[in-house]
Amino acid sequence: MFLVLAGGNALGAYQGGAYQALHERGLAPDWIAGASIGAINGAIIAGNHPQQRIQKLKQFWMVAEQFGNPIPPTRRHPQRAPVLPSGRRRRRRS
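Each chain has its residues counted from 1, running along the sequence as written. A pLDDT threshold of at least 70 governs which residues receive local features in this predicted model, and a stricter bar of 80 or more applies before side-chain atom pairs are shown or counted, although totals over entire chains, interfaces and linings include all residues. In computing side-chain properties, one takes all heavy atoms of the structure into account and sets aside hydrogens as well as water.

Note on ring pairs: Phe, Tyr and Trp rings are taken, using the six-membered ring of Trp, and paired if centres are within 6.5 Å. Classes follow the plane angle, with under 30 degrees stacked, over 60 edge-to-face and the rest tilted. Inspection of the entire model under this criterion finds one aromatic pair. Measuring from ring centre to ring centre gives 5.2 Å for F60 and W61, while their planes differ by 85°; the resulting arrangement is edge-to-face. Residue exposure (1.4 Å probe, protein chains only): buried if accessible area is under 20% of the type maximum, exposed if over 50%, otherwise partly exposed. For F60, a relative accessible area of 27% translates into the label partly exposed.

In this section: the confidence of the model for the protein. Mean pLDDT over the protein: 80, with 71% of residues reaching 70 or higher. The predictor attaches a confidence to each residue, and that confidence, scored 0 to 100, is pLDDT. Put simply, DSSP H or I for four residues or longer makes a helix, DSSP E for two residues or longer makes a strand, and each gets a number counted from the N terminus. Strand β2 (residues 31-34) holds the highest mean pLDDT among the elements of the protein, 96, whereas helix α3 (residues 53-67) holds the lowest, 87.

A few words on a nonpolar patch on the surface. Any residue with relative accessible area above 30% and no salt bridge may belong to a patch, with like charges joined within 9 Å and the nonpolar Val, Leu, Ile, Met, Phe, Trp and Tyr side chains within 5 Å. Throughout, the Shrake-Rupley method with a 1.4 Å probe supplies accessible areas, and for residues the shown protein chains are the sole cover considered. The rule for a salt bridge is simple: a side-chain nitrogen of Lys or Arg has to be within 4 Å of a carboxyl oxygen of Asp or Glu. Taken together, the side chains of F2, V4 and W31 present a nonpolar region at the surface, about 390 Å² in accessible area. For V4, the location among the structural elements is in strand β1 (residues 2-5). V4 sits in the exposed class, given a relative accessible area of 59%.

Summarising the element assignment, I54 is placed in helix α3. Note on I54: relative accessible area 16%, which makes it buried. Sequence separation between I54 and G17 is 37 residues; the distance between their C-alpha atoms is 8.6 Å. Contacts between residues were defined by any pair of non-hydrogen atoms, one from each residue, lying within 4.5 Å. With residues up to four places along the chain from it excluded, the contact list for I54 reads Y19, Q20 and H23.

Further remarks concern helix α2 (residues 37-46). Residues of α2 that are buried include every one of I37, G38, N41, G42, I44 and I45, and no others. Buried residues in α2, looked at end-on, bunch into an arc of 160°, giving them a common side. Summarising the contacts, the buried residues of α2 are in contact with β1, α1 (9-24), β2 and α3. Our arc is simply the arc of the directions from the helix axis toward the C-beta atoms.

Along β1, the buried face is formed by L3 and L5; none of F2 and V4, which line the opposite face, is buried. Pairing between β1 and β2: four bridges, direction parallel. Bridge pairing in β2 links L3 to I32. By definition, two strands form a pair when at least two bridges between them are found by DSSP.

The next point concerns the environment of G12. Position of G12 among the secondary structure elements: in helix α1. For the pair formed by G12 and I37, sequence separation is 25 residues and the distance between their alpha carbons is 5.7 Å. Apart from the residues within four sequence positions on either side, G12 is in contact with I37, N41 and W61.

Structure follows, in structure tokens:
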């Protein structure tokens, strides 16, 4: 089986659930390809033991949900910048 994972953060979050459904049915991909967030999910899947993949995907998405920010900060609204664990705000490069 060939697993192809597309880009887009919202879609990427669903990919973990899709992989979990395959795993629960005993289906495992022979090949994995992905673009953007799909490549990250694919690397997590390919880079971990089959019994740890779902846990690792969940861990990644919990962190991404905590620190991700779909609305980029602007000069008028700098509070949109995500806060890092150190308490400082992450600055985006222009």
